[in-house]
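Observations on the three-dimensional arrangement
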Amino acid sequence: MKNIDSYTHLRGESLFVDDIITRQDTLYGLVFDSPKAHGKISSINYAIAEALEGVIKIFTYKDILGKNQIGGIIPDEPLWAEEEVHFWGQPIAFIVAETEAIAKKARALIEIEIEELPIITTAREAKEKGSFINAPRSFRLGNANEALKKCKHIFEGNTFSNGQEHLYLETQGAYAVPMENGNIKITSSTQGPTSVQKMVAQVLGVSMHKIEIDVIRLGGGFGGKEDQATPWAVMAAVAVQQLKKPVKYILNRHDDLRMTGKRHPYDSTYKIGLDEHLKIIAYEVEFLQNSGAAADLSPAIAERTLFHATNSYYIPNVSSIVHSCKTNLPPNTAFRGFGGPQGMFVIESAIARAADALKIDKKIIQEANLLVENDTFSYGQIATKVEMKNTWNTAKKQFNLEKIESETAKFNAANTNYKKGISLMPITFGISFTNTPMNHARALIHIYQDGSVGVSTGAVEMGQSVNTKMLQVASQTLGISPNKVKLETTNTTRVANTSPSAASATADLNGKAVLKACKALIERLKVIAANLLNANIEHIVFKEDVVFATKEDVAISWEEVIAAAMLKRVALTENAHYATPTIHFDKTKEKGHPFAYHVYGTAITQVTVDCMRGTYEIDAVKIVHDFGKSMNLGIDIGQVEGALAQGIGWMTIEEIAYGKDGRLLSNALSTYKVPDVFSAAKKVEIIPLETQGNEMAILKSKAVGEPPLMYGIGAYFAIQHAIKVFNPKHKLQFHAPYTPEKVLLSLYK
Ligand code: MTE
Ligand code: HPA
Ligand code: MOS
C-alpha cells in the first residue's frame, strides 16, 4: 500500500497552513525579535512603526490578558520578552498589519536600545559559571568508580557533537480565526495540537474549550514542531482575541532559522575501562547539554541521552550524569533521536579511542560487548527479545563484511591520494515517551450510513506516513477496502488531550486506539450480521467488503450490514483509549521499565576520502534493521533512508555556527550546508531482519521514525578510519561534524 498522500503531494495539491483560503479580513503578523543575545532593554520606540499606514497594532507582553508564559516542562519562557532578552532572535513584539510587506517595513522602523550583559554560548562555559536549567540527572548501575580501579585498560577523553537545523520544508506558522463568543480556531503546523491549545488558553487567560486547534499535515517536523510550533500560534491568537479579525503568521526561512532552537550540541567527557578480554567493565560519562536560554524540552532530551548512553552494549558498571546548561542561544529542542544520538556518539567515541590505543579493530570491542537477552540497562530495565547480535551477525554475513574489508585493504594499498574507510554501527533505541504518563492516545471512528468510514486520531501526519498506517489498521480490522476509509485532520475537538506526535510512538499509540475502536464496532456489527444471515455469531467474518458466515456459507455486503445497523439504531461511532501497559519509571531511584520495547539494527558504512582535498563520499550504507513484522515495508524503508540521510548530515557537513556575540552565523541556506543528492550515500541496502515482531508494537510492526538516524554515526567513524589509514600518526578527535575542513587538517597534522 502506497502512502495515501503521494498523489496529492506529487500534484502539489496537498494542503498546508499556507494553502488555506484566508478570510477576506485577514491580517498578517510578524515578530520583532532581539538583535542582541543578552541584555536589559533600556528603550524601545514603536511609534514610528505603528504610524506606518496599514499597521494595525504592535503587540507586546503588556497586551497579554493571561500569563506571559509558554514553558512546557519548566515555566521559564515568556512569549514576549519583558525587561531582558536572553538570546539573539528572542521574540519581543508582534506586528500586525494589512499585509506581510507592510509588517516587514514596520519591523525595520522599530528602534531598540539594549544594555548588553555577558554572553554564554557554550555548555562548558555555562557549567563553569554554574548556569543551569535544572538540577543534573544521573543514572547508575553497579559501581563504576570501584570497577575502574580493577580494569586492565582505561581510556578517557572529550567529545563534542554540534547542533543541527531541522530544515522542515514547511516553515513554522499558524492561522487563527475568531469564531463566536470569543472562541478561536487555529490551524497550526504543530506536532503537538494539545500543547498549542493549552498554551493559547494560558496566555489568553481563557479555558481550553474555547480554543480549537486543527492540523492538516506538516511539511516535516523532525521534532522541531513538537514544542516550537507553539509561540507563533499563541501570538496570532493574542492578536485575534483583541482585534476580532483573523491573523496569519508564516515565518520566512530566515526568521525561522534565527528564532527557533535546534538539536542540542553536547560537550562530553568519558572514562572507559576494559578487562583483558576487551569486555567493557566500567563507563563513566558526563554530558554537558547546551540547552539554550530556556528549558523547552531539554530536561526530557537530557533524560533520553542517559537512557541511550551505553547504546547497544552491556556494561555492568555505569555512572552517567547530564547537565542541562543554560546559555544565550535560542532554546534547543527535540530533533529526531531526542538526545539519544548525542549519547551514542560518546560511547562509540570511547570505544574507537580504546581500539586505537590497543591497536585493534573497533568492531572487535563492539562485538565483545553487544547486548544479549536478560542484560540490565543502567536504568534497571531488563533487555528481552534482544535482536542486537542477530542484526550484527546477519549484517556481517549477508553483506559479506570480510570481502568488503579485504577489498578496502586492497584499494588502500593501491591508492595514495584516496583512502577508503569502514565502520560498523549498532543501534538499540527505546520506544515509548520516557515520561510514562505521556504514553496514551485516542481514536474516534465514524461509520457513515453508506458504509464509508472517517478516522480521527491524535496522530499528526508529518511525512512519516502515520495516516497511511492508521488507514491500514482501520481497513484491515473492519475488513473493508482502503478507499472506504478517510483520515480526518488532527483536531482537538475530536480527539482531546493528546500527547505530541513524537518519540516514534505515534503509530503504536494511535494505531492501538484505532484497533480497539474498530474491534468494538465489529463486535456490534456481528450481532446485526448474524441476524441478517440467520447464522451463528461466532462464524461471522468481515473481509474484503463482504460479511459472511463461515459455517453457514452465506454472505452479505458491508453496506447492507451498515444499513441494517442504522435501522436498528445501533451506534456506528466508537471512541477508544489506549495507554501502554507494563511501563513505569521511578525518577527518585532512576530505575524502572520505561520502554515498551527496543528497536535494534546494524549498519556497515563505507566511505572514500579524497586525501588531497579532505572531501569524501559515502560509498555505501548496508543495514540490517529490526522492523518487527513491518506493516508497510515501502514506508518503513523510506523512514530508514530519510533518517540515515539526516544522521549522516549531522555527523558530516551540517554545521551550525554562532558568533561569540551569540548571533547565528549559519543563518541562511547559503551558509548552512544541507545534505543533498551528492552527499547522500551512493548506495543504501536495507535488509529487514526476520523476527516475530513485538506484541507491544502496532500489528507487531515496530516504531521506525527515529532509530535509523543513529546509523549515520557510522559515517563519522568510517571517515576516521580512512584518515587513520592515510595518516597513521593522527591523534583521534571526536568533534562532529567531520566537515571536509576538519578532515583535511586531520590528514596532515
Ligand atoms: N519523517 C518525515 N518524513 N517527516 C518528519 O517530520 N519526523 C521524525 C520521524 N520521521 C519525521 C519523520 C520524528 S522526529 C519522529 S519522532 C517520528 O517520525 C514521529 O512519527 P512516528 O511517531 O509516527 O514515527
Ligand atoms: N521522546 C520524544 N519526545 C518527547 C519525549 C520523548 O521521550 N518526551 C517528551 N517529549
Ligand atoms: Mo521526534 S524528535 O520525537 O519529534
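Reading the values: the criteria
Residues numbered from 1 in each chain as written. Chains lettered and ligands numbered in written order. Predicted model: local features only at pLDDT ≥ 70, side-chain atom pairs only at ≥ 80, totals over all residues. Heavy atoms only, no water. Helix = DSSP H or I, 4+ residues; strand = E, 2+ residues; numbered from the N terminus. Rg over C-alpha atoms; globule rule 2.2 N^0.38 Å. Buried < 20%, exposed > 50% of the residue type's maximum accessible area, 1.4 Å probe, protein only. Near = heavy atom within 4 Å. Polar contact = N/O pair within 3.5 Å; in protein donor to acceptor, adjacent residues only side chain to side chain. Areas by Shrake-Rupley, 256 points an atom, 1.4 Å probe, with all protein chains shown as cover. Nonpolar A, V, L, I, M, F, W, Y, C, P; charged D, E, K, R; others polar. Phe/Tyr/Trp six-rings, centres within 6.5 Å; stacked < 30°, edge-to-face > 60°. Lys NZ or Arg CZ within 6 Å of the ring centre and 35° of its normal. Patch = residues over 30% accessible without salt bridge, like charges linked within 9 Å, V, L, I, M, F, W, Y side chains within 5 Å. Salt bridge = Lys/Arg side-chain N within 4 Å of Asp/Glu carboxyl O. Domains from an automatic or database assignment. Contact = heavy atoms within 4.5 Å. Buried area = accessible area lost by both parts, 1.4 Å probe. Axes fitted to C-alpha atoms, helices over the stretch in contact; angles between N-to-C directions. Parallel < 35°, antiparallel > 145°, perpendicular 65-115°, else oblique. Pairing = 2+ DSSP bridges. Core = buried A, V, L, I, M, F, W, Y, C linked by side-chain atoms within 4.5 Å. Left-handed = near helix turned anticlockwise from the far one by under 90°. Expected span 1.5 Å × (residues − 1).

Let's talk about the overall build of the chain
On a plain count of helices and strands, the chain comes out with 19 helices and 30 strands. For 749 residues, the compact-globule estimate of 2.2 N^0.38 gives 27 Å, and the C-alpha radius of gyration of the chain, at 27 Å, lies within 12% of that figure. By principal-axis analysis of the C-alpha atoms, the chain measures approximately 80 × 80 × 50 Å. The buried share of the chain, taken over its 749 residues, is 61%.

Focus: the site of ligand 1
The environment of ligand 1 is formed by 17 residues, the closest being Gly221, Phe222, Met462, Thr506 and Gln639. Take Phe222: an N or O atom from its main chain is 2.9 Å from an oxygen atom of ligand 1. A distance of 2.8 Å separates a nitrogen atom of ligand 1 from a polar backbone atom of Met462. Relative to its unbound accessible surface of 520 Å², ligand 1 loses 92% to contact with the protein. Class assignment for the residues of the shell around ligand 1 results in six nonpolar, nine polar and two charged.

Here we look at the packing of aromatic side chains
Evaluation of the coordinates by the stated rule reveals 19 aromatic pairs. The interplanar angle of 35° and the centroid separation of 6.3 Å between the aromatic rings of Phe717 and Phe734 together place this pair among those described as tilted. With Phe717 in helix 18 (residues 713-726) and Phe734 in the loop between helix 18 and strand 30 (735-736), the pair connects residues that are 17 residues apart, well separated along the chain. For the pair formed by Phe717 and Phe734, the shared burial category is buried. Taken together, the aromatic side chains of Phe139, Phe307, Phe377, Tyr379, Phe585 and Phe595 make up a single cluster linked through ring pairs. Directly above the ring of Phe717 sits Lys362, whose terminal nitrogen or CZ lies 4.1 Å from the centroid.

Comments concerning a nonpolar patch on the surface
Nonpolar side chains collect at one region of the surface, where Met612, Leu744 and Tyr748 lie side by side and expose about 310 Å² of accessible area between them. By the element assignment, Met612 lies in the loop between strand 27 (597-610) and strand 28 (616-625). With a relative accessible area of 52%, Met612 lands in the exposed category.

Examining the pattern of salt bridges
Where charged atoms of side chains with opposite charge meet at close range, the side chains can pair. All chains considered together, the criterion is met by 40 salt bridges. The partner of Asp626 in a salt bridge is Lys702, with the nearest N and O atoms 2.6 Å apart. Placement of the pair is Asp626 in the loop between strand 28 and helix 17 (633-651) and Lys702 in the loop between strand 29 (683-688) and helix 18, with a sequence separation of 76 residues. Note on Asp626: relative accessible area 0%, which makes it buried. Note that Glu695 is salt-bridged to Lys700, the shortest N-O span being 3.4 Å. A relative accessible area of 29% places Lys700 in the partly exposed class. Linked by salt bridges that have partners in common, Asp33, Arg107, Asp255 and Arg258 make up one network.

Section: the domain arrangement of the chain
Per the domain assignment, the segments making up the chain are domain 1 (24-117 + 172-250), domain 2 (266-434 + 587-748) and domain 3 (440-579). One C-alpha centre belongs to domain 1, the other to domain 2, and the line joining them spans 37 Å. With 15 residues of domain 1 at the contact, the number on the domain 2 side is 22 residues. At the boundary of domain 1 with domain 2, total buried surface from both sides reaches about 1600 Å², with 59% on carbon and sulfur atoms. Among the residues of domain 1 in contact with domain 2, Ile73, Trp88 and Phe222 are the three that bury the most area, contributing 34% of the side total.

Examining the packing of helix 15 (residues 506-533) against helix 16 (residues 558-567)
Relative orientation of the contacting elements helix 15 and helix 16 amounts to 105°, with a least axis distance of 9 Å. Relative to helix 16, the element helix 15 is oriented roughly perpendicular. Contacts between helix 15 and helix 16 pair Leu525, Ile528, Ala529 and Leu532 from the former with Trp558, Glu560, Val561, Ile562, Ala564 and Ala565 from the latter. For the contact of helix 15 with helix 16, a count of residues per class yields nine nonpolar, no polar and one charged.

A word on the sheet that holds strand 16 (residues 418-431)
Reading across the sheet, the four strands line up as 16-27-28-29 and stay open at both edges, with mixed pairing between neighbours. Only two strands of the sheet have a single partner each, and these edge strands are strand 16 and strand 29. Neighbour to neighbour, the strand axes of the sheet diverge by 15° on average, direction disregarded. Inspection of the sheet shows strand 16 paired to strand 27 by 14 bridges, in the antiparallel sense. Residue pairing for strand 27: Leu424 is matched across the bridge by Ile604.

Looking at the site of ligand 2
As a matter of local geometry, ligand 2 sits amid Glu226, Arg304, Phe338, Phe433, Thr434, Met438, Ala502 and Ala503. One nitrogen or oxygen atom from the side chain of Glu226 is found 2.6 Å from a nitrogen atom belonging to ligand 2. Taken together, the residues of the shell around ligand 2 sort by class into five nonpolar, one polar and two charged.

A look at the nonpolar core
In globular proteins that are soluble, nonpolar side chains generally tend to be buried together. The biggest cluster of nonpolar side chains holds 101 residues, and the ones touching the most others in it are Ile272, Tyr283, Val609 and Ile713. When residues of this core are assigned to their parent elements, the largest contribution, nine residues, is made by helix 10 (residues 340-358). Those residues in contact with Val609 that sit more than four places away from it in its chain are Asn417, Tyr418, Lys419, Thr615, Tyr616, Ile719, Ala722, Val743 and Leu747. Judged by nonpolar contacts, the second largest core, of 55 residues, contains Ala93, Val238, Tyr249 and Leu251.

Regarding the sheet that holds strand 11 (residues 211-215)
Taken in spatial order, the eight strands line up as 3-5-1-12-9-10-11-20 in an open sheet, and their pairing is mixed. Because the sheet does not close on itself, it has two edges, and the strands there are strand 3 (55-59) and strand 20 (490-491). Bridge analysis of strand 9 (residues 173-178) against strand 12 (residues 247-250) gives four bridges, and the strand direction is antiparallel. Across the sheet, the residue bridging to Ala174 is Tyr249, located in strand 12.

Some points on the side chain of Thr434
In this structure, Thr434 sits in the loop between strand 16 and strand 17 (440-447). Within polar-contact distance, the side chain of Thr434 engages the side chain of Glu303 at 2.6 Å. Excluding anything up to four places from it in sequence, Thr434 contacts Ala300, Glu303, Arg304, Phe307 and Phe595.

Brief notes about the packing of helix 6 (residues 193-204) against helix 7 (residues 230-243)
In helix packing, the relevant descriptors are the interaxial angle and the interaxial distance, both defined with respect to the helix axes. In the contact formed by helix 6 and helix 7, the axes pass within 9 Å of each other and the chain directions differ by 40°. Classified by the angle their axes make, helix 6 and helix 7 are oblique. Considering how the two elements wind past one another, helix 6 and helix 7 form a crossing that is right-handed. Here helix 6 contributes Ser195, Val196, Met199, Val200, Val203 and Leu204 to the contact with helix 7, which in turn contributes Thr230, Ala233, Val234, Ala237, Val238 and Gln241. When its residues are assigned to classes, the contact of helix 6 with helix 7 shows nine nonpolar, three polar and no charged.

So, the environment of Leu471
By secondary structure assignment, the location of Leu471 is in helix 14 (residues 466-478). Here Leu471 falls in the buried class, since its relative accessible area comes to 3%. Residues Leu471 and Ile301, 170 residues apart in the sequence, show an inter-C-alpha distance of 31 Å. Those residues in contact with Leu471 that lie beyond four places of it in its chain are Met1, Ile4, Pro482, Val485 and Leu487.

A closer look at helix 7
In this model, helix 7 (14 residues) spans 20 Å end to end at C-alpha, consistent with the 20 Å of a helix rising 1.5 Å per residue. Buried residues of helix 7: Thr230, Pro231, Trp232, Ala233, Val234, Met235, Ala236, Ala237, Val238, Ala239, Val240 and Gln241, and no others.

Observations concerning helix 9 (residues 298-307)
Most of helix 9 sits out of view: 10 of its 10 residues are buried. All of the buried residues along helix 9 are Ser298, Pro299, Ala300, Ile301, Ala302, Glu303, Arg304, Thr305, Leu306 and Phe307.

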